[in-house]
Amino acid sequence: MFSCSIPATLILRTLLFPNKPKIPLFHLHFSTMDHVSTTAAAAAAAEATITAVTSTTASTITGGLSKTAQKKLLKQQKFEAKRAEKKAAAKAQKKSETERKRKEWEEKLSNLSEEERIKVMESRKELRKERMDKRSVEKQLKAERLTAAKVNGQNLVIDLEFSDLMTSNEINSLVQQIMYCYAENGRYSTPAHLWLTGCQGEMDKQLQRLPGFDKWIIDKDTQPYIQTFENQKEHLVYLTADSETMLDDLDPKKIYIVGGLVDRNRWKGITMKKAEEQNIQTAKLPIGNFLKMSSSQVLTVNQVIEIILKYLETRDWKDSFFQVIPQRKRFEADLEENQEDVEDKQDEEQYVVQEQKKPCTET
């Protein structure tokens, strides 16, 4: 009889790093009742089988890709696996918390008399009704604000004509950003008039899957914005980080366009090029006037929309940027200058130490 067990971590290492040495024989644990030579031959056959399987699997996963592309792919797969694991853990925790509350409620009722139990349950029903009524009023007020914004709100267009340049996951990411934009817009006392143009194909399919999307108080058009606003072309302004024009203030007459594109920096300058070809105005948010970004000034769609919404309410660019742009993406100008001074001082001290050591080394 022959059996073998292989540690999962070693198989995973072989899959992820096919160029590394294969699993050595001493990692295979055998139990046998046959002759030693039979065991050795079986072990060699087992190792050959494992090598063939792992090589085939690795080539299936990363076949035809460069080493950099393989690393990116494996990193993405690892990220998605971790995200799924977190999602499952959060779901399990929520279920556990619900169960705990249910047990506490039942235990509380069991310790009460019949009369007290009726009073507690009636009180709970009243609180629930109050919450539902409050939610209903808030929903009604939100609908009224969004309806009014369609008449006198600042026009903001999300350009969805780039769906053919994105993967399914990137389209899904953009759909989530659009959902966030709509939710945020409804929370503001001065919401904008949101538009979705060029909404068709895979993008439209994924948007239609959102619960209640057909009831959104928003304008949707399958046509490109250049056709939707063909009579107002002089008012179109494409917001792009590549523009040389700084946006000082928002003009109520203008129609500001935000490129709906999640591309991981594959299509640099594409929105600027599109605006130039269509001969429409461009502008960029005045981020550089108030803070320094740790990387590029490219923001997500929902971040751009939320910055504009905050500015419409506060008329303060700095406050809008600092409330929306994550800390990891920005450095305040004064903090960065202080950091540079510290780094310069450290470089000088290191240089002095090295110069002091030089004579000793030569001697």
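Our structure is the block above this text.
Residues numbered from 1 in each chain as written. Predicted model: local features only at pLDDT ≥ 70, side-chain atom pairs only at ≥ 80, totals over all residues. Heavy atoms only, no water.

### Observations concerning the packing of aromatic side chains
Here is step 1 of the chain: Within the structure shown, the criterion is met by 7 aromatic pairs.
Here is step 2 of the chain: On the numbers, 4.4 Å between centres and 5 degrees between planes, the contact of Tyr182 with Trp216 is stacked. Taken as a pair, Tyr182 in helix 5 (residues 168-187) and Trp216 in the loop between helix 6 (201-208) and strand 5 (219-221) lie far apart in primary sequence, 34 residues in all.
Here is step 3 of the chain: For the pair Tyr225 and Tyr238, a centre-to-centre distance of 5.9 Å together with 70 degrees between the ring planes defines the contact as edge-to-face. Linking Tyr225 in helix 7 (residues 225-228) with Tyr238 in strand 6 (residues 236-239), this pair joins segments that are 13 residues apart in sequence. Of the two residues examined, Tyr225 and Tyr238, each falls in the buried class.
Here is step 4 of the chain: The structure contains a cluster of three or more aromatic residues connected by ring pairs, namely Phe290, Tyr311, Trp317 and Phe321.
Here is step 5 of the chain: One Lys or Arg, Lys220, reaches over the ring of Phe213 and ends 4.4 Å from the middle of that ring.
Here is step 6 of the chain: Lys274 extends its terminal NZ or CZ atom over the ring of Phe162, reaching a point 4.7 Å from the ring centre. (Phe/Tyr/Trp six-rings, centres within 6.5 Å; stacked < 30°, edge-to-face > 60°. Helix = DSSP H or I, 4+ residues; strand = E, 2+ residues; numbered from the N terminus. Buried < 20%, exposed > 50% of the residue type's maximum accessible area, 1.4 Å probe, protein only. Lys NZ or Arg CZ within 6 Å of the ring centre and 35° of its normal.)

### Observations concerning the environment of Phe290
Here is step 1 of the chain: Counting through the fold element by element, Phe290 comes out in the loop between strand 8 (281-283) and strand 9 (292-293).
Here is step 2 of the chain: Sequence-wise, Phe290 and Lys318 are 28 residues apart; in three dimensions their C-alpha atoms are separated by 5.8 Å.
Here is step 3 of the chain: Residues contacting Phe290, with those up to four places away along its chain left out, are Trp317, Lys318, Phe321 and Phe322. (Contact = heavy atoms within 4.5 Å.)

### Observations regarding a positive patch on the surface
Here is step 1 of the chain: Together, Lys108, Arg124, Lys125, Arg128, Arg131 and Arg135 make up a positively charged patch on the protein surface.
Here is step 2 of the chain: Looking at the positive patch element by element, the count peaks at 5 residues for helix 4 (residues 114-152).
Here is step 3 of the chain: Mapped onto the elements, Arg128 comes out in helix 4. (Patch = residues over 30% accessible without salt bridge, like charges linked within 9 Å, V, L, I, M, F, W, Y side chains within 5 Å. Areas by Shrake-Rupley, 256 points an atom, 1.4 Å probe, with all protein chains shown as cover. Salt bridge = Lys/Arg side-chain N within 4 Å of Asp/Glu carboxyl O. Lys, Arg positive; Asp, Glu negative; His and termini not counted. Charge placed at Lys NZ, Arg CZ, Asp CG, Glu CD.)

### Looking at unusual backbone geometry
Here is step 1 of the chain: With a phi close to 60 degrees, Asn279 is a non-glycine residue in the positive phi region.
Here is step 2 of the chain: Looking at the element boundaries, Asn279 is found in the loop between helix 8 (270-278) and strand 8.
Here is step 3 of the chain: The phi torsion at Arg315 lies on the positive side, around 55 degrees, for a residue other than glycine.
Here is step 4 of the chain: In this structure, Arg315 sits in the loop between helix 9 (301-314) and helix 10 (317-324).
Here is step 5 of the chain: You can call Arg315 partly exposed: its relative accessible area is 44%.

### A look at the packing of helix 5 against helix 9
Here is step 1 of the chain: Between helix 5 and helix 9, the least distance of the axes is 8 Å, while the angle of their chain directions is 15 degrees. Between helix 5 and helix 9, the crossing angle belongs to the class labelled roughly parallel. Crossing hand, helix 5 versus helix 9: right-handed. Every residue of helix 9 that contacts helix 5 at Leu174, Gln177, Tyr180, Cys181, Glu184 and Asn185 is listed here: Val301, Asn302, Ile305, Glu306 and Leu309.
Here is step 2 of the chain: Across the contact of helix 5 with helix 9, the residue classes tally to 6 nonpolar, 3 polar and 2 charged. (Axes fitted to C-alpha atoms, helices over the stretch in contact; angles between N-to-C directions. Parallel < 35°, antiparallel > 145°, perpendicular 65-115°, else oblique. Left-handed = near helix turned anticlockwise from the far one by under 90°. Nonpolar A, V, L, I, M, F, W, Y, C, P; charged D, E, K, R; others polar.)

### A few points about the side chain of Asp159
Here is step 1 of the chain: Inspection of the secondary structure puts Asp159 in strand 3 (residues 155-159).
Here is step 2 of the chain: Take Asp159: its relative accessible area is 0%, and that puts it in the buried class.
Here is step 3 of the chain: Here the side chain of Asp159 touches Tyr238 through a polar contact of 2.8 Å, side chain to side chain.
Here is step 4 of the chain: Sequence-distant contacts of Asp159, defined by excluding residues within four places in its chain, comprise Thr197, Tyr225, Tyr238, Ile257, Val258, Gly259, Gly260 and Lys274. (Polar contact = N/O pair within 3.5 Å; in protein donor to acceptor, adjacent residues only side chain to side chain.)

### As for the sheet that holds strand 3
Here is step 1 of the chain: The parallel open sheet is built from 6 strands, whose spatial order is 5-4-3-7-6-8. Strand pairing shows two members of the sheet lacking a second neighbour, strand 5 and strand 8, which therefore form its edges. For this sheet, the mean inter-axis angle between neighbouring strands, taken without regard to orientation, is 25 degrees.
Here is step 2 of the chain: Here strand 6 pairs with strand 7 (residues 255-259) via 4 bridges, running parallel. By the bridge assignment for strand 7, Val237 is matched with Tyr256.
Here is step 3 of the chain: Of the strands in this sheet, strand 3 and strand 4 (193-197) are in contact with helix 5, which crosses strand 4 at around 160 degrees. (Pairing = 2+ DSSP bridges.)

### Let's talk about the nonpolar core
Here is step 1 of the chain: With 59 residues, the main nonpolar core has Leu160, Leu207 and Ile305 as its most contacted residues.
Here is step 2 of the chain: Put simply, the parts of the chain that give this core at least two residues each are strand 3, helix 5, strand 4, helix 6, strand 6, strand 7, helix 9 and helix 10.
Here is step 3 of the chain: Here this core gets 8 residues from one element, more than from any other, and that element is helix 9.
Here is step 4 of the chain: In this view, Leu207 contacts Leu160, Val175, Ile178, Leu196, Cys199 and Phe213; residues no more than four positions away in its chain are not counted. (Core = buried A, V, L, I, M, F, W, Y, C linked by side-chain atoms within 4.5 Å.)

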